[in-house]
Amino acid sequence: MIDIINQNNLLSINSLLNENDMINKDDDKFRKLMFLYKSAQRELMTKLEILKEELNEFYSYTPIEEITCRIKSYDSIIKKLNKKGYALTYGNLINNLNDVSGIRIVCNFKDDVYKIAELIESFQDVRILEERDYIKNPKKSGYRSFHLIVEVPVNFSRGIMFIRSEIQIRSLGMNFWSQLEHQINYKSENDNASAKKRLMKYANIIDEIDNKLSILSDDELKKSKRFLN
Ligand code: 0O2
């Protein structure tokens, strides 16, 4: 399967598959491709868990409440490609879906989100492809979160491969809202305008609370244990 290696021993994910092949969840290629995404996710999760523990050990305060991850299901991959109007090929999956491997970091406070994003951006071996600040520019739904599209190097037997993941970084408040909205509205086929309007209003209220909590946390935690002051 792995047969194209350039002089730097770098493997391209596209070189493992024929880009025009149609995605088929029962074939070997799909399983192997998902293995590559899972491997990248493990690398990234290790880096992030270490960061979380380091902040806890050295600064006695962890800005990170939790880190979770998931691999996008076959059904969600197909749904998203259809929604974006792409043919269901491996090439389109690899080149146009950023979040086949998805990681979510939930921080206590809003300003911690930016500090964690900065720390990830400073990792020497992580390539930052894109930054999406849905906190400064919330989505129409009211969705707030900070997204990083990254690539991490993974060592395989025949070389190194850079594989993409999406990291969503948000405050507890933003996470609370988006989890509920995801269930009630985001994936729903119904177009309930009144529910949408209310959810948007609640997103703004949560944002106000987030701002107030950030000020409170500054006042209280800066005095003693706050990290990176
Ligand atoms: P799921 O089920 O969470 O995996 P683009 O790349 O801009 O063409 P894309 O890939 O949708 O479009 O990127 P975007 O907008 O940055 O969103 C990526 C993910 O952010 C989504 O993945 C959701 O997890 C989350 N998200 C975006 N908008 C909303 C929203 O309005 N509400 C909620 N609750 N979550 C949102 P998926 O694959 O769409 O969904």
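Residues numbered from 1 in each chain as written. Predicted model: local features only at pLDDT ≥ 70, side-chain atom pairs only at ≥ 80, totals over all residues.

Overview of the overall build of the chain
Alright, step 1. The secondary structure content of the chain amounts to six helices and six strands.
Alright, step 2. Along the chain, from the amino end to the carboxyl end, the secondary structure elements read β-α-β-α-α-β-α-β-β-β-α-α.
Alright, step 3. The buried share of the chain, taken over its 229 residues, is 26%.
Alright, step 4. Counted over contacts in the chain with a minimum sequence separation of 6, partners at least 24 positions apart contribute 66%. (Helix = DSSP H or I, 4+ residues; strand = E, 2+ residues; numbered from the N terminus. Buried ≥ 20, exposed ≤ 12 C-beta atoms within 10 Å, placed from the backbone. Contact = placed C-beta atoms within 7 Å.)

Some details on the environment of leucine 216
Alright, step 1. Along the chain, the position of leucine 216 falls in helix H6 (residues 193-222).
Alright, step 2. Residue leucine 216 is classed as exposed on the basis of its 11 C-beta neighbours within 10 Å.
Alright, step 3. Taking the C-alpha atoms as reference points, leucine 216 and phenylalanine 109, 107 residues apart in sequence, are found 9.8 Å from one another.

A closer look at the site of the ligand
Alright, step 1. Around the ligand there are 14 residues in total, and Ser141, Tyr143, Ser178, His182 and Tyr186 lie nearest to it.
Alright, step 2. When residues of the shell around the ligand are traced back to their parent elements, those giving at least two are helix H2 (74-84) and helix H5 (172-186).
Alright, step 3. Residues of the shell around the ligand, tallied by class, amount to two nonpolar, six polar and six charged. (Near = placed C-beta within 6 Å. Nonpolar A, V, L, I, M, F, W, Y, C, P; charged D, E, K, R; others polar.)

Re the environment of aspartate 112
Alright, step 1. Within the secondary structure, aspartate 112 sits in helix H4 (residues 110-121).
Alright, step 2. Exposure remark for aspartate 112: the 27 C-beta atoms within 10 Å place this residue in the buried category.
Alright, step 3. Residues aspartate 112 and proline 63, spaced 49 residues apart in sequence, show a C-alpha to C-alpha distance of 6.0 Å.
Alright, step 4. Non-local contacts of aspartate 112, meaning those with residues more than four positions away in its chain, are made with Pro63 and Cys107.

Topic: the nonpolar core
Alright, step 1. Core analysis: the biggest nonpolar cluster contains 31 residues, and Ile105, Cys107, Val113, Ile116, Ala117, Ile167 and Ile169 have the highest contact counts within it.
Alright, step 2. Mapped by element, the contributors of at least two residues to this core are helix H1 (28-59), helix H3 (90-96), strand S3 (101-107), H4, strand S5 (146-156) and strand S6 (159-171).
Alright, step 3. If you look at the next biggest cluster of nonpolar residues, it comprises five residues, including Met174, Leu199, Ala203 and Ile206. (Core = buried A, V, L, I, M, F, W, Y, C linked by C-beta atoms within 7 Å.)

As for the pairing of S6
Each regular strand carries side chains that alternate between the two faces of the sheet.
Alright, step 1. Most of S6 is tucked away: 10 of the 13 residues are buried.
Alright, step 2. Bridge analysis of S3 against S6 gives six bridges, and the strand direction is parallel. Paired with glycine 102 across the strands is glutamate 166, a residue of S6.
Alright, step 3. From the end of S5 to the start of S6, which pair antiparallel, there are two residues. (Pairing = 2+ DSSP bridges.)

What to know about H1
Alright, step 1. An ideal rise of 1.5 Å per residue puts 46 Å on 32 residues; H1 measures up with 46 Å between its terminal C-alpha atoms.
Alright, step 2. Turning to H1, its buried residues number three or more, namely Leu33, Tyr37, Ala40, Gln41, Leu44, Leu48 and Leu55.
Alright, step 3. Looking at the buried residues of H1, the elements they touch are strand S2 (64-71), H3, S3, S5 and S6.
Alright, step 4. Positive phi appears at serine 60, one or two residues downstream of H1, with a value of about 55 degrees. (Expected span 1.5 Å × (residues − 1).)

Topic: the confidence of the model for the chain
Alright, step 1. When the pLDDT values of the chain are averaged, the result is 89; 89% of them are 70 or greater.
Alright, step 2. In the model, residues 1-7 has pLDDT below 50 throughout and makes 12 contacts with residues more than four positions away in sequence or in other chains. (pLDDT = per-residue confidence, 0-100.)

With respect to the environment of isoleucine 209
Alright, step 1. Residue position: isoleucine 209 is located in helix H6.
Alright, step 2. You can call isoleucine 209 partly exposed: it has 13 C-beta atoms within 10 Å.
Alright, step 3. Sequence spacing of isoleucine 209 and lysine 110 is 99 residues, and the spatial spacing of their C-alpha atoms is 10.0 Å.

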